[in-house]
Amino acid sequence: MSNTIELTQALLKKVSLTPEDAGCMDLMADYLQQRGFNIEWMNFGDTKNLWARRGTSAPVFAFAGHTDVVPTGPLTEWDTPPFEPTLKDGLIYARGAADMKGSLAAMLTACDGFIAAHENHTGSIAFLITSDEEGPATNGTVKVMQALDGRGEKIDYCIVGEPSSHKTFGDMVRVGRRGSINGYLTLNGKQGHVAYPELVDNPIHALAPILANITAEQWDEGNDYFPPTSFQISNINAGTGVENVVPGELKLIFNLRFSSELTPEVIKSRVTHIIDQESDDYELVWKLSGLPFITERGDLTCAVEKALIDVTGKPPVLSTGGGTSDGRFIAPYGVQVIELGPINATIHKINECVSVDDLESLSLTYQKVLENILL
Ligand SMILES: [Zn+2]
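Quick caveat: nothing in here was measured; it's all calculated off a predicted structure.

Asker: Now, about the nonpolar core: what can you tell me, with residues and values included?
Answerer: Residues M28, A62, A126, F127, C158, V304 and I330 are the most contacted members of the largest nonpolar core, which totals 73 residues. For this core, the element with the highest residue contribution is helix 3 (residues 97-117), accounting for 11 residues. Non-local contacts of M28, meaning those with residues more than four positions away in its chain, are made with L50, L104, L108, F127 and I129. Core analysis: the next-biggest nonpolar cluster, separate from the first, contains 13 residues, L207, I267, I275 and Y282 among them.

Given below as structure tokens:
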């Protein structure tokens, strides 16, 4: 069995339910220390973070990832125990197999292969590893980036090991993410008996024209990197549960996934404008989850495309779809960031699994990216 697979299994045996690390980083730190990395623990609150670096010069190429995993769900629904990695038909089954302990193992063996062949490489290789990604993500990557920035330590290129592949290994990488913003709207009315319309002010009726206008709005047309901005309502609540009472308020939660064509300020003013036309008695609270970011075509996209063509024979689709990742905390510091990892079909699910062959290909791809950037 290859080192990548052995390391994957060793990591999968550790019960690192978010935000626990359960010894995964110690294993990684030992491995890296033996290969000339300087090990530094950057702990914030009760979160453990690893910053490991080999070399002191620029450019700095960093692998980023997380050791924590999401809860298993009902154990009885798993075919094999989620923390006893099981190899069956070329797949390893365990919680965290695809998201993302397989990637962590592939990063380690990629470095091993690269360093063995090019001991005196230029620049630096680094690892930024946290156990606070699947949870609140407040004491992990975001804090490490602040600390590095505070002492003037810069990352130039970063690969995040999130499972980016869609149908076959390497068919897709993520070069950015849309922004995400939530709105919490309360429309106020006047409660009363349904039989006396002159004495009530129905907030559900007030919503009708707002709904028509806001769902018909063209927010933008997207651009070369992003699809058009989308608007979705996720919750709507009003009514007392009985038949003869007009409710006094209506609550609505909505979300926009937005491209780099828009800013939160522009979104807020356009939404407010639509509501203002129909209501003068409402509250609207905003929560920004993340700004959009993009790694434009450059050194890193070229290095990744070239590596994947070598390994899979095909260039990847450069995508900005999917949910958020820690890339959002790294990119704002001017770092070129790409997410590249195994197939994401089973992540967070019962019977999560990853292909052994894909992990071997991933390790090889990571190694070739290192060669393309640092040689
Ligand atoms: Zn993940």
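Asker: Explain the pairing of strand 18 (residues 336-339) to me, and be specific about the residues and the numbers.
Answerer: Along a regular strand, successive side chains alternate from one face of the sheet to the other. Residue alternation in strand 18 divides its side chains into two sets, Q336 and I338 and V337 and E339, and both sets are buried. Here 4 bridges tie strand 7 (residues 157-160) to strand 18, and the two strands are oriented parallel to one another. Paired with I159 across the strands is I338, a residue of strand 18.

Asker: Please set out the sheet that holds strand 4 (residues 86-88) residue by residue, giving values where relevant.
Answerer: Two pairing modes exist for strands in a sheet, parallel and antiparallel, and in both the strands are linked by backbone hydrogen bonds. Strand order in the open sheet formed by 3 strands is 4-5-19, with antiparallel pairing between adjacent strands. Each edge of the open sheet carries a strand with a single partner, namely strand 4 and strand 19 (353-355). Direction aside, the axes of adjacent strands within the sheet are offset by 25° on average. One ladder, built from 3 bridges, connects strand 4 with strand 5 (residues 91-93); its direction is antiparallel.

Asker: Lay out the sheet that holds strand 15 (residues 282-290) in plain terms, naming residues and giving numbers.
Answerer: Pairing is antiparallel across the open sheet formed by 4 strands, whose spatial order is 12-14-10-15. With one partner strand each, in any of the chains shown, strand 12 (230-238) and strand 15 form the two edges of the open sheet. Here the average twist between neighbouring strands, direction ignored, is 15°. Across 10 bridges, strand 10 (residues 179-188) lies against strand 14 (residues 249-258) in antiparallel orientation. What sits directly across from N188, in strand 14, is E249. Strand contacts of helix 6 (residues 264-276): strand 10, strand 14 and strand 15, with the helix running at about 155° to strand 15, the strand carrying the most contacts.

Quick notes on the rules
- Residues numbered from 1 in each chain as written.
- Predicted model: local features only at pLDDT ≥ 70, side-chain atom pairs only at ≥ 80, totals over all residues.
- Core = buried A, V, L, I, M, F, W, Y, C linked by C-beta atoms within 7 Å.
- Buried ≥ 20, exposed ≤ 12 C-beta atoms within 10 Å, placed from the backbone.
- Helix = DSSP H or I, 4+ residues; strand = E, 2+ residues; numbered from the N terminus.
- Contact = placed C-beta atoms within 7 Å.
- Pairing = 2+ DSSP bridges.
- Axes fitted to C-alpha atoms, helices over the stretch in contact; angles between N-to-C directions.

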